Amino acid sequence: MQEEIREVTEVEDKLNNIVRVYGDDHCSLDLLMFLGKHPHARFSRMAIAQSIDAQRLNIDRPLKQLITAGLIRMYVENGLPVYALTEDESLGGLVTQLVSLDWYKWQTMLKRSNN
């Protein structure tokens, strides 16, 4: 029982860290949430921008930041860059868990990350 509680706390702390680091940048958080909903799909920059209702120019910096952090991977398909959630389960799994939070847990996470 203690082991399970410790594991849950560790996951919550890691999720909290992701929200703390990327939550102040609305576009980065939207990118993570979108790709977390589609963890095995690859999208062009234009498709991502339209999906999260952002201008293409506004997503360049967050994309680069999330690629550098290892949360998003860039691939080249037919000469075009496409983006996907990382295949690294330790990071990608956290993002998919973040997406699966219900409203109450999400609000609790936001409050914890602001403290």
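For the structure, see preceding data.
Residues numbered from 1 in each chain as written. Predicted model: local features only at pLDDT ≥ 70, side-chain atom pairs only at ≥ 80, totals over all residues. Heavy atoms only, no water.

Okay, the packing of helix 2 (residues 26-37) against helix 5 (residues 89-99) next. Put simply, helix 2 and helix 5 touch, their axes get as near as 8 Å, and they point 95° apart. Taken together, the axes of helix 2 and helix 5 lie roughly perpendicular to each other. Taking contact as the criterion, the partners of Leu32, Met33, Gly36 and Lys37 in helix 2 are, on helix 5, Val95, Thr96, Leu98 and Val99. Taken together, the residues that form the contact of helix 2 with helix 5 break down as 5 nonpolar, 2 polar and 1 charged. (Axes fitted to C-alpha atoms, helices over the stretch in contact; angles between N-to-C directions. Helix = DSSP H or I, 4+ residues; strand = E, 2+ residues; numbered from the N terminus. Parallel < 35°, antiparallel > 145°, perpendicular 65-115°, else oblique. Contact = heavy atoms within 4.5 Å. Nonpolar A, V, L, I, M, F, W, Y, C, P; charged D, E, K, R; others polar.)

The next point concerns the pairing of strand 3 (residues 80-85). As paired elements, strand 1 (residues 43-44) and strand 3 share 2 bridges and run antiparallel to each other. Within strand 3, the residue paired with Ser44 across the bridge is Val82. Here strand 2 (residues 72-77) folds back onto strand 3 in antiparallel fashion, the turn holding 2 residues, of which Asn78 has a positive phi close to 55°. (Pairing = 2+ DSSP bridges.)

The next point concerns the packing of aromatic side chains. Counted according to the given criterion, the structure contains 1 aromatic pair. Seen from the ring of Tyr75, Arg42 lies directly overhead, with NZ or CZ sitting 3.6 Å from the centre. (Phe/Tyr/Trp six-rings, centres within 6.5 Å; stacked < 30°, edge-to-face > 60°. Lys NZ or Arg CZ within 6 Å of the ring centre and 35° of its normal.)

Counting through the fold element by element, Ile67 comes out in helix 4 (residues 60-68). Given a relative accessible area of 30%, Ile67 falls into the partly exposed group. Every residue in contact with Ile67, bar those within four places of it in the chain, is listed here: Ile72, Met74 and Tyr83. (Buried < 20%, exposed > 50% of the residue type's maximum accessible area, 1.4 Å probe, protein only.)

A few words on the packing of helix 2 against helix 4. As a packed pair, helix 2 and helix 4 sit with axes 9 Å apart at the nearest point and diverge in direction by 60°. In terms of axis orientation, helix 2 runs oblique to helix 4. In this structure, the crossing between helix 2 and helix 4 has a hand that is right-handed. Counting all contacts with helix 2, which are made through Cys27, Ser28, Leu31 and Leu32, the residues of helix 4 involved are Pro62, Leu63, Gln65 and Leu66. (Left-handed = near helix turned anticlockwise from the far one by under 90°.)

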